[in-house]
Amino acid sequence: MSHVPTIQTARLTLRPFTADDAPAVYEYARHREVAATTATIPHPYSLEDAVEWLGRVTEHGAKGDVHNFAIVLRASRRLIGAIDLRLEPENRAADLGYAIHPAHWNKGYVTEAARAVVEHGFETLNLNRIHAHHFASNPASGRIMEKVGMKCEGTMRQRICKWGVMHDTIHWAILRSEYEERKSRT
Ligand SMILES: CC(C)(COP(=O)(O)OP(=O)(O)OC[C@H]1O[C@@H](n2cnc3c(N)ncnc32)[C@H](O)[C@@H]1OP(=O)(O)O)[C@@H](O)C(=O)NCCC(=O)NCCS
């Protein structure tokens, strides 16, 4: 039994993954430009990698320690990516992460998904803080964090080595008090 709910937004369904999603996960995760700005997606990426990842996602969903959502276009029912909240219950905090297929970049989809997942984190999971970080070389991801109301907390210099290159990471967070203040304004 998964702890992950299904959430509808204007253009998207965010839902738990199933074992049948492996080909669609492979289809978005296999692109070099998707792996390049994430710490965790390997490259080259195989269908077996997707199957193995979905196994871990199912375990996390059953434990409830990571809420992994498939990002599905409502109109076509096509799965285009993933967004997750990695929980730290002792701190009432969570880390937000996401990736989608390059064919769907810059249409506002991840901002739309991230707004809904942040709302889920504060309204349903009763979190106090949601944080996220991105490579300095990936400003589009920082823009999403800004658009969902996160504040920039600083840079960790040469924090991650990806493919032999050291990357600075930029760290953002939104607190419950800031989320509630934003909600009262809209
Ligand atoms: C980063 C990523 C998630 C963005 O998803 P997306 O659905 O295209 O994002 P959105 O369309 O909601 O928002 C992107 C924003 O970044 C802006 N942007 C795009 N390229 C940019 C650039 N080079 N510099 C600055 N801003 C940029 C867009 O204009 C948009 O902002 P706006 O609404 O103010 O115009 C997507 O590119 C991706 O999956 N990348 C690979 C995986 C990854 O990097 N994941 C994040 C790890 S931290």
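None of the values given here were measured: they were computed from a predicted structure.

About the criteria used
- Within each chain, residue numbers correspond to sequence positions counted from 1 in written order.
- Per-residue local features of the predicted model are confined to residues with pLDDT of at least 70, and side-chain atom pairs are confined, for both listing and counting, to 80 or more; whole-chain, interface and lining totals are unaffected and use all residues.
- As a convention, hydrogens and water are excluded, and side-chain values are obtained from all of the structure's heavy atoms.
- Strand pairing is defined by DSSP finding a minimum of two bridges between the two strands.
- Here a helix means four or more residues in a row that DSSP labels H or I, a strand means two or more in a row labelled E, and each is numbered from the N terminus.
- Contacts are assigned to residue pairs with any non-hydrogen atoms lying within 4.5 Å of each other.
- In this analysis, axes come from line fits to C-alpha atoms, helices being fitted only over the stretch in contact, and the angle between any two N-to-C directions falls in the range 0 to 180 degrees.
- We call a residue near a given molecule or strand whenever any one of its heavy atoms falls within 4 Å of it.
- Values of accessible area rely on a 1.4 Å probe in the Shrake-Rupley scheme; residue burial ignores everything except the protein chains shown.
- Only Asp, Glu, Lys and Arg are considered charged in this grouping, and only Ala, Val, Leu, Ile, Met, Phe, Trp, Tyr, Cys and Pro are considered nonpolar; every other residue, Gly among them, is considered polar.
- Nonpolar cores were defined as sets of buried Ala, Val, Leu, Ile, Met, Phe, Trp, Tyr and Cys residues, with membership established by side-chain atoms within 4.5 Å.
- When accessible area is computed with a 1.4 Å probe and restricted to protein chains, residues below 20% of their type maximum are described as buried, those above 50% as exposed, and intermediate ones as partly exposed.
- Two residue types count as positive, namely Lys and Arg, and two as negative, namely Asp and Glu; His and chain ends fall outside the count.
- By convention in these notes, a salt bridge is any Lys or Arg side-chain nitrogen within 4 Å of a carboxyl oxygen on Asp or Glu.
- Here a polar contact is recorded for every N or O atom pair within 3.5 Å, except that within protein the pair must consist of a potential hydrogen donor and a potential acceptor, and residues adjacent in sequence are included only if both atoms are side-chain atoms.

S.K.: Teacher, can you tell me more about the sheet that holds strand β4 (residues 79-88) here?
M.R.: Hydrogen bonds along the backbone pair up the strands of a sheet, which may run parallel or antiparallel. Spatial ordering of the open sheet is given by β1-β2-β3-β4-β5-β6-β8-β7, a layout of eight strands whose pairing is mixed. The sheet terminates laterally at β1 (7-8) and β7 (151-162), the two strands that pair on one side only. As defined by bridge partners, β4 adjoins strand β5 (residues 93-100) across eight bridges and the pair is classed as antiparallel. The residue of β5 that forms the bridge with Asp-84 is Gly-97. Along the sheet face, helix α3 (residues 47-63) touches β3 (66-73) and β4 and points at about 120° away from the line of β3. Along the sheet face, helix α5 (residues 139-147) touches β5, β6 (129-135) and β8 (165-175) and points at about 160° away from the line of β6.

S.K.: In this structure, what is going on with the site of the ligand? I would like to understand it.
M.R.: Around the ligand, 22 residues are found, and the nearest of them are Thr-37, Asn-106, Thr-111, Arg-143 and Lys-147. Contact with the protein chains covers 74% of the free accessible surface of the ligand, which is 960 Å². Those elements that place two or more of their residues in the shell around the ligand are β5, α4 (109-123), β6 and α5. No other element matches α5, which puts six residues into the shell around the ligand. Each residue belonging to the shell around the ligand can be placed in one class, and the counts come to 10 nonpolar, nine polar and three charged.

S.K.: I keep staring at the nonpolar core and nothing clicks. Help me out?
M.R.: Note on soluble globular proteins: their nonpolar side chains tend to be buried together. Grouped together as the largest cluster of nonpolar side chains are 34 residues, with contacts concentrated most on Leu-14, Ile-83, Leu-96, Ile-130 and Met-150. Put simply, the parts of the chain that give this core at least two residues each are β2 (12-15), β3, β4, β5, α4, β6, α5 and β8. Here this core takes eight residues from α4, the largest share from any one element. Aside from chain neighbours lying at most four places away, what touches Leu-96 is Ile-83, Asp-84, Leu-85, Ala-114, Val-117, Val-118, Ile-130, His-131, Ala-132 and Met-150. Judged by nonpolar contacts, the second largest core, of 17 residues, contains Leu-54, Val-57, Ala-70 and Val-72.

S.K.: Mind showing me how you'd approach the pairing of β2 here?
M.R.: Along any regular strand the residues' side chains alternate between the sheet's two faces. The pairing of β1 with β2 spans two bridges and is antiparallel. Each residue of the ladder has a partner; that of Gln-8, found in β2, is Thr-13. In textbook terms, the turn of a hairpin is the stretch between consecutive antiparallel strands, and for β1 and β2 this stretch comprises three residues. Bridging between β2 and β3 involves four bridges; their strand directions are antiparallel. Note on β3: the bridge partner recorded for Arg-15 is Ala-70.

S.K.: Sorry, what's going on with the side chain of Lys-162 here?
M.R.: Structurally, Lys-162 is set in strand β7. Buried Lys-162, no salt bridge; nearest opposite-charge side chain is Asp-49, N-O distance 12 Å. In this structure the side chain of Lys-162 is engaged in a polar contact, spanning 3.3 Å, whose partner is the backbone oxygen of Ile-41. Those residues in contact with Lys-162, other than ones at most four positions away along the chain, are Ala-35, Ala-36, Thr-38, Ala-39, Ile-41, Phe-135 and His-167.

S.K.: Can you walk me through unusual backbone geometry in this structure?
M.R.: Negative phi values dominate among residues other than glycine, just as trans dominates among peptide bonds. At the junction of His-43 and Pro-44, the peptide bond is cis and its omega measures out at -5° in the coordinates. With respect to the element layout, Pro-44 can be found in the loop between α2 (32-35) and α3. Positioned with a positive phi, Trp-163 is a non-glycine residue whose angle comes to about 50°. Among the residues examined, Trp-163 registers a relative accessible area of 39% and is labelled partly exposed.

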